[in-house]
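What follows is each chain in one-letter form.
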Amino acid sequence: TGHHWGYGKEDGPSAWHRQFPVAKGNRQSPIDIIPDEARRDSSLGPIFLKYDRCTSLNIANNGHSVVVEFNDSDDRSVIQGGPLDNPYRLKQFHFHWGEKGCEGSEHTVAGAGYASELHLVHWNADKYKTFEEAATAPDGLAVLGIFLKLGDDHRWLHMITDALYMVKFKGSSTDFKGFNPKCLLPSNLHYWTYLGSLTTPPLHESVIWIVLKEPIVVSEKQLGMFRLLQFSGEEDGQRMRMENNFRPPQPLKERLVRSSN
Ligand SMILES: CNS(=O)(=O)c1c(F)c(F)c(SCCO)c(F)c1F
Ligand SMILES: [Zn+2]
């Protein structure tokens, strides 16, 4: 129903504010992270990721990205520590990417973009009964952001890229059991953290962002496979290659970015 949002000229990030006025809010994401202006906070401990391979369910094309969804009916797969007061349950992960190597991530670092950005979305099930309720609460979600830069093949990403042909079109989904996203983490979990929002409509200001400083390395060939996906459904007329599904950085406003040690 109604006008759907996208990443094109007419329905892209610069138009989202018409249907979602919070797009011009005070804690929007992504942002440009300036390392020299981030406050090193010794009270920020390490983050801990406990992921159980048995919780992965399926991989799907939702018309905006490729998403791997998890069983979030208990605390088998959670993120905790760092800025978080309690464990947050893993709900799904997805990617944002460009059409060329120098842009595609959502967050930038001192003005520089990466080729892609992986988002692991977690929700505060200790405080809220459902993901949907948490997604509208100021401390409802915790998204772990991981940058992807171009280089050698990533040794485990093929498990995802090998499945992409099954979810080429919007609305397609297939089983994706036994995948542990721990294999997508960099060696070092140092991070920046700040209060922000979803980066796609409805742009709820409900996200505690944890962005890892160290990127993972993937090859141009592997990233190119994401661009075989389509924004459009199988029956839709024109071919709509899925790429540039990233929102540009938003005003920092009165926010502080903190840095782990
Ligand atoms: C952080 N990236 S995001 O805004 O693009 C994003 C997203 F794409 C999602 F799909 C979901 S989950 C929606 C129901 O599954 C989410 F919470 C997000 F924050
Ligand atoms: Zn995202």
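Before reading further, recall that the structure is shown in the block above.
The rules we used
Residues numbered from 1 in each chain as written. Chains lettered and ligands numbered in written order. Predicted model: local features only at pLDDT ≥ 70, side-chain atom pairs only at ≥ 80, totals over all residues. Heavy atoms only, no water. Donors = N, O, S within 2.8 Å, 3.2 Å for Na, K, Ca; no water. Tetrahedral: all angles 85-135°; square planar, octahedral: opposite > 155°, others 65-115°. Helix = DSSP H or I, 4+ residues; strand = E, 2+ residues; numbered from the N terminus. Buried < 20%, exposed > 50% of the residue type's maximum accessible area, 1.4 Å probe, protein only. Contact = heavy atoms within 4.5 Å. Pairing = 2+ DSSP bridges. Near = heavy atom within 4 Å. Polar contact = N/O pair within 3.5 Å; in protein donor to acceptor, adjacent residues only side chain to side chain. Areas by Shrake-Rupley, 256 points an atom, 1.4 Å probe, with all protein chains shown as cover. Nonpolar A, V, L, I, M, F, W, Y, C, P; charged D, E, K, R; others polar.

In this section: the coordination of the zinc ion (ligand 2). Distances from the zinc ion (ligand 2) to its protein donors, namely His94 (NE2), His96 (NE2) and His119 (ND1), fall within the range 2.0 to 2.1 Å. Considering all 4 donor atoms around the zinc ion (ligand 2), angles at the metal cover 94 to 138° and the coordination shape is irregular. In primary-sequence terms, the residues that donate to the zinc ion (ligand 2) follow H-x1-H-x22-H. Of the two residues, histidine 94 sits in strand β7 (residues 88-97) while histidine 119 sits in strand β9 (residues 116-123), which places them 25 residues apart along the sequence. Each of the two residues, histidine 94 as well as histidine 119, counts as buried.

A few words now on the environment of arginine 27. Take arginine 27: it is sitting in the loop between α1 (16-19) and β1 (32-33). Setting aside its immediate chain neighbours within four residues, arginine 27 contacts Pro138, Leu195, Gly196, Ser197, Glu205, Ser206, Val207, Ile208 and Arg255.

This part covers the pairing of strand β10 (residues 141-150). Counting buried positions over the 10 residues of β10 gives 8, a clear majority of the element. Of the pairings in the sheet, the one linking β9 to β10 comprises 8 bridges and is antiparallel in character. Bridge pairing links serine 116 to leucine 148 in β10. Note: β10 against strand β13 (residues 207-212), 5 bridges, orientation parallel. The residue bridging leucine 141 from the neighbouring strand is valine 207, located in β13.

Looking now at the site of ligand 1. Taken together, Lys91, Gln92, His94, His96, His119, Val121, Phe131, Leu141, Leu198, Thr199, Thr200 and Trp209 are the residues near ligand 1. One of the side-chain nitrogen or oxygen atoms of histidine 94 is found 3.1 Å away from a nitrogen atom of ligand 1. Contact distances for ligand 1 include 2.7 Å between an oxygen atom and a backbone N or O atom of threonine 199. Expressed as a share of its isolated accessible area of 430 Å², the protein-covered part of ligand 1 is 80%. Listed by contribution, the elements that provide at least two residues to the shell around ligand 1 are β7 and β9. Tallying contributions element by element places β7 first for the shell around ligand 1, with 4 residues. Its residues assigned to classes, the shell around ligand 1 comprises 5 nonpolar, 6 polar and 1 charged.

Function-wise, these values are silent; they only describe arrangement.
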